[in-house]
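# Coordinate analysis (summary)
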Amino acid sequence: MENYHPAPVDRSRAHLWIVAGLFALALLLRFWKLGTWNFQATEIFTLRDSNTPQFHNPRPLGYLLTYFLVRPLHSLDEFGLRLLPALFGAFTIPAVYFVNRRLIGSRAALFAALLLLASPLHVMYSQLARYWSLVCLLSAVYPSALYIGVRDRDRRMLAVGIITGLLAVLAHPVSVLLVGGPLVFLLGRLRPANLRRLWDQPAGRWGLIIITMLCVVLAIRLIPILEGWFTEHERNPGNSQFLLRRVPAGLKQMFLVLAYIESLTVPLFVFGALGFYLLWREGDRTLSLILISTVIFPLAFLALVALRAPVSQYYLVPTIPVWFIGAGVFIDRLFLSYQSVRPSWLLPAAVIAIIVAAGLPTLISDYRDGRRFDFRGAARWLEPQLREGDVVFSDQFMVLAHYLPNAEVRRLRSPEPLEQAIERLEGDRGGVLWIVAPAASHAFRANLKGGGLIGWMYDHCQLRQSMGVGRMDLRQEYLQVYRCPPAPSNESAAPAPSTRS
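Residues numbered from 1 in each chain as written. Predicted model: local features only at pLDDT ≥ 70, side-chain atom pairs only at ≥ 80, totals over all residues. Heavy atoms only, no water.

## Considerations on the overall build of the chain
- Counting its regular elements, the chain contains 20 helices and 5 strands.
- Within the chain, contacts between residues separated by at least 24 positions form 75% of all contacts whose residues are at least 6 apart in sequence.
- When the accessible surface of the chain is split by element, carbon and sulfur atoms take 64% of a total near 24,400 Å². (Helix = DSSP H or I, 4+ residues; strand = E, 2+ residues; numbered from the N terminus. Contact = heavy atoms within 4.5 Å. Areas by Shrake-Rupley, 256 points an atom, 1.4 Å probe, with all protein chains shown as cover.)

## Details of the state of the cysteines
- Per the counting criterion, the structure on display carries 1 disulfide.
- One disulfide bridge connects Cys-461 with Cys-484, the sulfur atoms lying 2.0 Å from each other. Linking Cys-461 and Cys-484, the disulfide has an S-S dihedral of approximately 95° and is accordingly described as right-handed. Residue Cys-461 is found in the loop between helix 20 (453-460) and strand 4 (462-467), and its partner Cys-484 is found in strand 5 (residues 479-484); the two are separated by 23 residues along the sequence.
- Look at Cys-484 and you get buried, because its relative accessible area is 0%. (Disulfide = S-S within 2.5 Å. Buried < 20%, exposed > 50% of the residue type's maximum accessible area, 1.4 Å probe, protein only.)

## Considering the sheet that holds strand 5
- Taken in spatial order, the 5 strands make up an open sheet running 2-1-3-5-4, and their pairing is mixed. Two strands close off the open sheet at either side, each with one partner strand: strand 2 (408-411) and strand 4. Averaged over all adjacent pairs, the angle separating strand axes in this sheet is 25°, with direction ignored.
- Relative to strand 3 (residues 433-438), strand 1 (residues 391-394) runs parallel, the two sharing 4 bridges. Considered in strand 3, the bridge of Val-391 is made with Leu-433. (Pairing = 2+ DSSP bridges. Axes fitted to C-alpha atoms, helices over the stretch in contact; angles between N-to-C directions.)

## Side note on helix 14 (residues 285-305)
- If you check helix 14, its first and last C-alpha atoms are 30 Å apart, about what 21 residues at 1.5 Å a residue would give, namely 30 Å.
- Along helix 14, the sharpest change in direction is near 30° and occurs at Ser-293.
- What helix 14 keeps buried is the set Thr-286, Leu-287, Ser-288, Ile-290, Leu-291, Ser-293, Thr-294, Val-295, Pro-298, Leu-299, Leu-302 and Val-305. (Expected span 1.5 Å × (residues − 1). Bend = angle between axes of the 7 residues up to and from the residue.)

## Quick notes on the environment of Leu-87
- Tracing the backbone through its elements, the reader meets Leu-87 in helix 4 (residues 83-104).
- Note: C-alpha distance between Leu-87 and Leu-27 (60 residues apart in sequence) is 7.3 Å.
- Look past the residues within four positions of Leu-87 in its chain and what remains in contact with it is Leu-27 and Phe-31.

## As for a negative patch on the surface
- A surface patch of negative charge is lined by Glu-416, Glu-419, Glu-423 and Glu-426.
- Here Glu-419 shows up in helix 19 (residues 415-429). (Patch = residues over 30% accessible without salt bridge, like charges linked within 9 Å, V, L, I, M, F, W, Y side chains within 5 Å. Salt bridge = Lys/Arg side-chain N within 4 Å of Asp/Glu carboxyl O. Lys, Arg positive; Asp, Glu negative; His and termini not counted. Charge placed at Lys NZ, Arg CZ, Asp CG, Glu CD.)

## Considering the side chain of Ser-133
- Residue position: Ser-133 is located in helix 7 (residues 132-151).
- Discounting residues that sit within four places of it in the chain, Ser-133 has contacts with Pro-85, Phe-88, Gly-89, Thr-92, Tyr-125 and Ser-126.

## Description of the nonpolar core
- Among the nonpolar cores identified, the biggest contains 108 residues, and Trp-132, Leu-382, Val-392, Leu-400, Trp-434, Val-436 and Val-481 are the most heavily contacted of them.
- The element best represented in this core is helix 7, accounting for 12 residues.
- With sequence-adjacent residues up to four places away left out, Val-436 is seen in contact with Phe-375, Ala-378, Leu-382, Val-392, Phe-393, Ser-394, Asp-395, Leu-400, Leu-412, Leu-479, Gln-480 and Val-481.
- Formed by 18 residues, the second largest nonpolar core is a distinct cluster that contains Leu-418, Ala-421, Ile-435 and Met-457. (Core = buried A, V, L, I, M, F, W, Y, C linked by side-chain atoms within 4.5 Å.)

## As for the packing of helix 7 against helix 8 (residues 155-171)
- Running from N to C, helix 7 and helix 8 point in directions that differ by 150°, and their axes come no closer than 7 Å. One way to sum up the angle between helix 7 and helix 8 is to call them roughly antiparallel. Seen from above, helix 7 lies across helix 8 with left-handed handedness. Between helix 7 and helix 8, the contacting residues are Leu-134, Val-135, Leu-138, Val-141, Tyr-142, Ala-145, Leu-146, Ile-148, Gly-149 and Val-150 on the first element and Met-157, Leu-158, Val-160, Gly-161, Ile-162, Thr-164, Gly-165, Leu-167, Ala-168 and Ala-171 on the second. (Parallel < 35°, antiparallel > 145°, perpendicular 65-115°, else oblique. Left-handed = near helix turned anticlockwise from the far one by under 90°.)

## Some thoughts on the pattern of salt bridges
- Inspection of the entire model under this criterion finds 18 salt bridges.
- One salt bridge connects Arg-82 with Glu-43, and the closest N-O pair in it is separated by 3.0 Å. Here Arg-82, found in the loop between helix 3 (61-70) and helix 4, pairs with Glu-43, found in helix 2 (residues 41-51); they are 39 residues apart in sequence, far enough to count as distant.
- What makes Glu-43 buried here is its relative accessible area of 0%.
- In this structure, Glu-408 and Arg-410 form a salt bridge, with 2.5 Å as the shortest nitrogen-oxygen distance.
- Of the residues examined, Glu-408 reaches a relative accessible area of 29% and is grouped as partly exposed.

In structure tokens:
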């Protein structure tokens, strides 16, 4: 490695006590109100797959851990299903420090752990009953461990990197994208003469054989998953619980990148990028390029995939730790470069305050409403209103069906099924149509305008209930309940009064 200088590692008890304190705070932030919020759409799939896990599932690890570790001890309710994600999120904080301190130094790793501790994005993933906090934990470990293992010829770290990398792929296949960029970078620097010298060494020969075998195993597992992903979305387009906004190609990729930066917060993105630049300028160009490539490759790959199938911002979760590592490097170098400023901690503290303050409104707001619509509250309000024969249409219909087990709940998408339901209620059942839908909050979120849905609701329904609490950021989570009486039949003697609101 050109101009490589080992990062200083502080093994003093003071740093260990600081990390222990950060871990305790991480537990507090991630367990506070953990079971308060109702399930949201994708958590219903976790509930299903954790009760009946399948080993052939493309992402089985989280479900199997919940089935074997939590289910025997606690019911899989809102708290039980989020117990392991909260623990994984809390353990990510010390993991970032202990693994990455050999890459960027102890103090920089401490800063990275501190920023991750207060990240509203990471707290949200830790309080979500999905596998993303586990993916983030393993992704904070395995790329750094692999790099350290190769760079320092440390077999123990190499083994840690391989094991945690395989576990990350079992947690979610998208985790493998982290090594795509470094592999492209390293292969670009590999010359035939270097390969021959490497093959002549027993350790190098075994290393190449192991890497080849791992690549074959990953290809056998991941290519069918990717092919199935494409064919499933082509066979069932729009098969989702959400009222998704349709965006043309090009804008879709741009929105993906912008939403990713916004979720990280702009200050973290900027200071993280400056950290990568400082590593480059100091001479550790290999590490700088590898860190950058672990972000660029997944972004580019998913942008291409988005041309064929829907791509969630969740798929970029494995790249999240990289930005905190970069920001930690920047703050550490700021601490070292401005010793003439008194007190010396003033500038680093100001940068930390800027990053934390950017995410603070979202963090506070998330503790107010859980960053989710209150479908459980809607179900409690609806249940005494429902009569035999009533039909309910809803966004996130599986969630509402979970909280309304005795009602008929269907997916809300367009006016046509609503028209058919109204006609059937009028002719056969004499019931009422209910619609539970999110209120429009801003231009980049789904709304009810698609296909004339909101117009149909204004003409046939009346708003009966609105629930939600105000937030300090742009993510408003208000849920509305509409009642749609059946239209009067042609044989009616007198027209029914208008219900337009």
